[in-house]
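Here's the letter readout for the chains.
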Amino acid sequence: MPTSQTASHGPSLTSRDASIPTPGRSYRADLTLFMVIAFAVSWLSWGVAIALGGTEANAAANAPYMLGAFGPLVGALVLRVRRRRRGEPVPGHVVPFRPALLPKALLLLVLGSATVLAAALLASRAGGPELSLDVAKDAVGDFGGPAAFLVSMLVSGPLSEEPGWRGTAYPRLREKLGTFRVCLVLGVTWAVWHLPLFFIDGTVQHDLGLATPSGVLFVASNIPMAMLVTAAYERAGIVASIAVHFAVNTTMILLAVEEPKVQAMIIGIQTLTVTVLLLTRRTGRRHP
């Protein structure tokens, strides 16, 4: 009798287990889907902006240009809905949001801004461009005032990207790779994702130029920047990565960072900062 029951239940269990995707296979599928959505939404939107002549020459290009920034967020939302419908668990390396982490996120925001400000000051001492309050005032004025400037800096970049790159792609990549290798993968991916912006007239990247020292340094800066926001994410979750992304972008715009000397200094300081953050992080912690 026991033998008969075992025989009858065995195939059923095997069949049911086979229908449940393993985490590794599921994460690979998730990453592929996320990358396809993120790149498709962004590059197609930016392609339309390029075809319209860019934001400088045609106001109609502003809408697809802004929409393109939300490719990673769209990918993240699709994967979130997909995971919930399938009843799949949250990836083990997701850092959940907790109000107690907000002070740490604020400190990381200050740190992110400090990496740019320190680099600009050191570059100025070394013969680079002088810091000017008028430049910052002009930058804020171009956006229509302080409120519009801050909202734009928060939405376009931090909010539109971080839920995707850090909140979605990072935890799944982290299941198979170490933090340093994930940072490299995301940094290179991030750099490639930004490339169409160099061809949209009116963007910072277009002003820098792709085949220039400033353009090359901008592309290279994606790697230490990816490491910096990832280190922030590991410590205090998505709010921290958004805060650091916001702080770096905002400070760079206010200081009008375009000179290669300043860009190189930022890359160096952020690399040192990331090294310290990664060496001092807690090890062996598994996020629920």
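Residues numbered from 1 in each chain as written. Predicted model: local features only at pLDDT ≥ 70, side-chain atom pairs only at ≥ 80, totals over all residues. Heavy atoms only, no water.

1. Points about a negative patch on the surface
A surface patch of like charges, here negative, comprises Glu56, Asp207, Glu258 and Glu259. With respect to the helices, strands and loops of the structure, Asp207 is situated in helix α9 (residues 204–208). Taking relative accessible area as the criterion, Asp207 reaches 55% and is therefore assigned exposed. (Patch = residues over 30% accessible without salt bridge, like charges linked within 9 Å, V, L, I, M, F, W, Y side chains within 5 Å. Areas by Shrake-Rupley, 256 points an atom, 1.4 Å probe, with all protein chains shown as cover. Salt bridge = Lys/Arg side-chain N within 4 Å of Asp/Glu carboxyl O. Lys, Arg positive; Asp, Glu negative; His and termini not counted. Charge placed at Lys NZ, Arg CZ, Asp CG, Glu CD. Helix = DSSP H or I, 4+ residues; strand = E, 2+ residues; numbered from the N terminus. Buried < 20%, exposed > 50% of the residue type's maximum accessible area, 1.4 Å probe, protein only.)

2. Notes on the layout of surface pockets
There is about 1300 Å³ of room inside the largest pocket. Lining the largest pocket are 43 residues, and of these Tyr65, Met153, Val204, Gln205 and Ile253 sit closest to its centre. Secondary-structure elements contributing two or more residues to the lining of the largest pocket are α3 (62–68), α6 (133–142), α7 (146–174), α8 (179–194), α9, α10 (213–254) and α11 (260–279). Considering every element that reaches the lining of the largest pocket, the biggest residue donor is α10, with 10 residues. Here the lining of the largest pocket is composed, by residue class, of 22 nonpolar, 15 polar and 6 charged. What the second largest pocket holds in volume is close to 320 Å³. In this structure, the second largest pocket is lined by 17 residues; those nearest its centre are Ala76, Arg80, Pro163, Gly167 and Thr168. (1 Å grid on protein atoms, 1.4 Å probe; cavity = no way out; pocket = protein on both sides within 12 Å on 5 of 7 lines; lining within 4 Å. Points joined across faces, edges and corners; volume = space filled by probe spheres on them. Nonpolar A, V, L, I, M, F, W, Y, C, P; charged D, E, K, R; others polar.)

3. Focus: the nonpolar core
Judged by nonpolar contacts, the single largest core of 48 residues is most densely connected at Trp165, Leu186, Trp190 and Val244. Contributions of two or more residues to this core are made by α2 (23–51), α5 (102–125), α7, α8, α10 and α11. Per element, the largest residue contribution to this core is 12 residues, and it comes from α10. In this structure Trp190 touches Glu161, Glu162, Trp165, Arg166, Asn222, Met225, Ala226, Val229 and His245, once residues within four positions along its chain are discounted. (Core = buried A, V, L, I, M, F, W, Y, C linked by side-chain atoms within 4.5 Å. Contact = heavy atoms within 4.5 Å.)

4. Structural notes on the packing of α5 against α11
Orientation of α5 relative to α11, taken along the N-to-C sense of each, is 140 degrees, at an axis distance of 8 Å. When the axis of α5 is compared with that of α11, the two are oblique. Judged by the twist between their axes, the crossing of α5 over α11 is right-handed. Residue-level contacts link Leu111, Thr115, Val116, Ala118, Ala119, Ala120, Leu122 and Ala123 of α5 to Lys261, Val262, Met265, Ile266, Ile269, Gln270, Thr273 and Leu277 of α11. Grouping the constituent residues of the contact of α5 with α11 by class yields 12 nonpolar, 3 polar and 1 charged. (Axes fitted to C-alpha atoms, helices over the stretch in contact; angles between N-to-C directions. Parallel < 35°, antiparallel > 145°, perpendicular 65-115°, else oblique. Left-handed = near helix turned anticlockwise from the far one by under 90°.)

5. A word on α5
With 24 residues, α5 extends 35 Å between its outermost C-alpha atoms, agreeing within 8% with the 34 Å of an ideal straight helix rising 1.5 Å per residue. If you check which residues of α5 are buried, you get Ala105, Leu108, Gly112, Thr115, Val116, Ala119, Ala120, Ala123 and Ser124. Each element contacted by the buried residues of α5 is listed here: α10 and α11. Where α5 ends, the next residue or the one after it, Gly127, has phi of about 100 degrees, a positive value. (Expected span 1.5 Å × (residues − 1).)

6. A few points about the environment of Ala57
Mapped onto the fold, Ala57 is located in the loop between α2 and α3. Residue Ala57 is classed as exposed on the basis of its relative accessible area of 66%. A sequence separation of 145 residues divides Ala57 from Gly202, and the C-alpha atoms of the two residues are 7.9 Å apart.

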